[in-house]
Amino acid sequence: LERLEIMARGLALCVLPAALGFVLSPPRSCDVRQRATVDPAAVAPVDASNYIALGLAKVFTMAGGSPKAHHLVEPLTAATLETLQLGVPTSYEKVLAMTCGELFDDPANPSIVKKDGFNLLTEGVDDVQICDDMIERALAAARTYKRRPEAADFLAIGETSEDFNFNTQRKRIIDMHYEPSFDDNVKQDKSIDVYGRKDDDALADEIKRLADS
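Residues numbered from 1 in each chain as written. Predicted model: local features only at pLDDT ≥ 70, side-chain atom pairs only at ≥ 80, totals over all residues. Heavy atoms only, no water.

Trainee: Please provide a residue-by-residue account of the overall build of the protein chain, values included.
Mentor: A count of helical and extended segments in the protein chain gives eight helices and five strands. Secondary structure of the protein chain in N-to-C order comes out as α-α-β-β-α-β-α-α-β-α-β-α-α. The buried share among the 213 residues of the protein chain stands at 29%. Put simply, of all contacts in the protein chain between residues at least 6 apart along the chain, 70% involve residues at least 24 apart. (Helix = DSSP H or I, 4+ residues; strand = E, 2+ residues; numbered from the N terminus. Buried < 20%, exposed > 50% of the residue type's maximum accessible area, 1.4 Å probe, protein only. Contact = heavy atoms within 4.5 Å.)

Right, here's the structure in full:
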């Protein structure tokens, strides 16, 4: 009897939808794999002829509590080079265009940055540093010019340019690490103040109370 009931329920599931005008389609297989489109230029090996731009930036460190100026050499992506052409304020004093073969010992598998390769960029400047992760960043930047070769039209290989809106009014500090204070963690915008504080005195009292608890 139990088996007959199960068979009747199964038959009802098949017949009832058809009677109501529905058509049951067979279950579709579910493929959880996703296809991603990868730009070949983003993963293509870098060769000696590939374009790369290096920038000489004036940066600052907070040695002794006051800013001290330095010069930093770092690679520029195609987007950065194009942005500099728009006249935005920048810390870059000079830019040099070169090939990866002039910058690396072996562009396909670089292990050494050839400093002599960018003498045109740093001549007359004494306090020059090379950015951290120079090889990795330069390889990544070189690939951006493979994706946007038109960015290289601004500056030919072997040429330098200082035609930028160089400005250090807003100093680029490379060794500053912000540590949030207790007040920063507690302070909230009054418009979303769930504690109902209405003035700065009440906020200060609440901070003091939490700090002392």
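Now that the structure has been shown, the text picks up again.
Trainee: Talk me through the nonpolar core; I want residue IDs and the actual numbers.
Mentor: L54, L103, F118 and Y145 are the most contacted members of the largest nonpolar core, which totals 37 residues. Contributing elements (two or more residues each) for this core: β1 (51-61), β2 (68-76), α3 (78-84), β3 (92-99), α4 (100-103) and α6 (134-147). Not counting the four nearest positions on each side in its chain, L103 is found in contact with I52, L54, M98, I112, V113, K114, F118, M134 and A138. (Core = buried A, V, L, I, M, F, W, Y, C linked by side-chain atoms within 4.5 Å.)

Trainee: Break down the packing of aromatic side chains for me, with residues and values.
Mentor: A full pass over the atoms with the stated rule returns two aromatic pairs. Ring geometry for F154 and F164: centres 6.1 Å apart, planes at 45 degrees, overall tilted. Note that F154 is positioned in the loop between α6 and β5 (160-161) and F164 in the loop between β5 and α7 (182-186), a separation of 10 residues in sequence. (Phe/Tyr/Trp six-rings, centres within 6.5 Å; stacked < 30°, edge-to-face > 60°.)

Trainee: Mind laying out the pairing of β2, listing which residues take part and the relevant values?
Mentor: Looking down a regular strand, the side chains alternate between one sheet face and the other. The buried fraction of β2 is high, at seven of nine residues. As consecutive antiparallel partners, β1 and β2 are separated by six residues, and within that stretch G64 has a phi angle of approximately 70 degrees, a positive value. Inspection of the sheet shows β2 paired to strand β4 (residues 128-130) by three bridges, in the parallel sense. Each residue of the ladder has a partner; that of H71, found in β4, is V128. (Pairing = 2+ DSSP bridges.)

Trainee: Explain the pairing of β1 to me, and be specific about the residues and the numbers.
Mentor: Most of β1 sits inside the fold, with 10 of its 11 residues counted as buried. Here β1 runs beside β3; their pairing, made up of seven bridges, is antiparallel. Looking across to β3, one finds that A57 is bridged to Y92. The sheet contact formed by β1 and β2 spans nine bridges and is antiparallel. Within the sheet, the bridge partner assigned to A53 lies in β2 and is L76.

Trainee: Account for α6, naming residues and giving values.
Mentor: An ideal rise of 1.5 Å per residue puts 20 Å on 14 residues; α6 measures up with 20 Å between its terminal C-alpha atoms. When we look at burial in α6, the residues that qualify are M134, I135, A138, L139, A141, A142, T144 and Y145. The inward-facing, buried residues of α6 abut β1, β2, α3, α4 and β4. (Expected span 1.5 Å × (residues − 1).)

Trainee: Break down the environment of A108 for me, citing the residues and quoting the values.
Mentor: Tracing the backbone shows A108 in the loop between α4 and α5 (119-122). Distance in space between the C-alpha atoms of A108 and D47 is 5.8 Å, their sequence separation being 61 residues.

Trainee: With reference to specific residues and values, describe the sheet that holds β3.
Mentor: Across a sheet, paired strands are connected by hydrogen bonds in the backbone, their directions being either parallel or antiparallel. The five strands are arranged β4-β2-β1-β3-β5 in an open sheet whose pairing can be described as mixed. The two strands at the open ends of the sheet, each matched to only one other strand, are β4 and β5.

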